[in-house]
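Residue-level structural notes
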Amino acid sequence: MAKAVRFDHYGDIGALYVADVEIPIADPGEVIVQMRAAGTNPGEASIRKGLLDARAPSTFPSGQGSDLAGVVYEVGPGVTTWSVGDEVLGWSWRRSSQAEYVAVPADQLIPKPPELSWPAAGSLYVVGVTAYAAVRAVATSPGDTVIVSAAAGGVGSLVVQLLKVRGASVIGIASETHHAWLTSVGVIPVSYGNGLADRLRDAADGKIDAFIDLFGPEYVHLAVELGVPRDRIETIISFEAAQEFGTKAEGSGDATSTEILAEMANLVASGRIDVPIAATYPLDRVRDAYTELEQRHTRGKIVLVP
């Protein structure tokens, strides 16, 4: 038997529990990954609460988690790309990665670079491809000035660094507790709150080329107020505001591929991008992990380590 995170109904953190389940058997085209790390993401909390039921309904009992990294435990019929013992990272679209063993299609995995820590590897998929999609959406060129809201969060911490890799000047909106880290990666930090628009204009010296919103609709409104061209305003969360103003709303689904994930993994492995790890928790403390996650004040990723 193995352990896996489950919830049987929509609800708060108390709906989560760890169940004893059978170790999965690999179907044709699949491998079984013995998990070493699985990231947590705000979207998973929204799914558990039923907030995304119209677009992403759950079938109960539901598992949880998309990000994964671990060691190949079993190879299914027809799989020639992987062998038992290979270290891999990738994703599951079955809400199943927060577990000790996960069945994954072989074409949703890439080799884990040896320089990549397990927590970083196991939390890279969602934030990595989402950051890639967001940066690509605003068509960044060297010398552009780009504002990023929630700049020190799980996605934001990668967005600001990827923008720097692309040669942009980056202004990051974040609480003062995160300003030192933002400065350390070459980002100009600005505190949120009253007077934000004026602080951003001052920090940008009047030149704002693009805006990436990672927090909520008020920032899409702010970007429009600042005069940012609407085709260079991107949000990963404020879909109604994007529709209202005709801005972009590209996310992980727009950049999910092994090629893009490998590109992001190599940037992290080479040291050009850092994946900040805010905390790690054993699987049986999944409620504690999501309690911390849902406070929305951490810098970087919160990771379950089965």
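Here's what I pulled together on the structure shown here. Here the structure is a predicted model, which means the values were calculated and not measured.

On to the side chain of Asp-209. As for its position among the elements, Asp-209 is in the loop between helix 6 (196-204) and strand 11 (210-213). Judged by its relative accessible area of 17%, Asp-209 is buried. A distance of 2.8 Å separates a polar atom in the side chain of Asp-209 from the backbone nitrogen of Thr-145. Engagement of the side chain of Asp-209 in a polar contact is seen with the side chain of Lys-207, the distance being 2.4 Å. If sequence neighbours within four positions are ignored, Asp-209 has contacts with Gly-143, Asp-144, Thr-145, Val-228, Pro-229 and Arg-232.

Let us look at the pattern of salt bridges. Per the stated rule, a full pass over the model turns up 10 salt bridges. Between Asp-198 and Arg-201 there is a salt bridge whose closest N-O contact spans 3.1 Å. Of this pair, Asp-198 and Arg-201 both sit in helix 6, 3 residues apart, which is roughly one turn of that helix. Residue classification places Arg-201 among the partly exposed residues on the basis of a relative accessible area of 34%.

What follows is about the packing of helix 3 (residues 124-137) against helix 4 (residues 156-165). Viewed as axis vectors pointing N to C, helix 3 and helix 4 meet at an angle of 50°, and their least axial separation amounts to 9 Å. Here helix 3 lies oblique to helix 4, going by the angle between them. With respect to the hand of their crossing, helix 3 and helix 4 are arranged in right-handed fashion. Contact with helix 3, carried on its side by Leu-124, Val-127, Gly-128, Ala-131, Tyr-132, Ala-134 and Val-135, involves Leu-158, Val-159, Leu-162 and Leu-163 of helix 4 and no other residues of that element. Here the residues of the contact of helix 3 with helix 4 are counted per class, giving 10 nonpolar, 1 polar and no charged.

Within the span of helix 7 (residues 217-225), buried status applies to Tyr-219, Val-220, Leu-222 and Ala-223. Along the long axis of helix 7, the arc covered by the buried residues comes to 160°, so they all point the same way. On the buried face of helix 7, the contacting elements are strand 9 (169-173), helix 6, strand 11, strand 12 (233-235) and helix 8 (239-245). The first or second residue beyond helix 7 is Gly-227, which carries a positive phi of 85°.

What counts, and at which threshold
- Residues numbered from 1 in each chain as written.
- Predicted model: local features only at pLDDT ≥ 70, side-chain atom pairs only at ≥ 80, totals over all residues.
- Heavy atoms only, no water.
- Helix = DSSP H or I, 4+ residues; strand = E, 2+ residues; numbered from the N terminus.
- Buried < 20%, exposed > 50% of the residue type's maximum accessible area, 1.4 Å probe, protein only.
- Polar contact = N/O pair within 3.5 Å; in protein donor to acceptor, adjacent residues only side chain to side chain.
- Contact = heavy atoms within 4.5 Å.
- Salt bridge = Lys/Arg side-chain N within 4 Å of Asp/Glu carboxyl O.
- Axes fitted to C-alpha atoms, helices over the stretch in contact; angles between N-to-C directions.
- Parallel < 35°, antiparallel > 145°, perpendicular 65-115°, else oblique.
- Left-handed = near helix turned anticlockwise from the far one by under 90°.
- Nonpolar A, V, L, I, M, F, W, Y, C, P; charged D, E, K, R; others polar.
- Arc of directions from axis to C-beta.

Without other data, these values stay purely geometric and don't point to any function.
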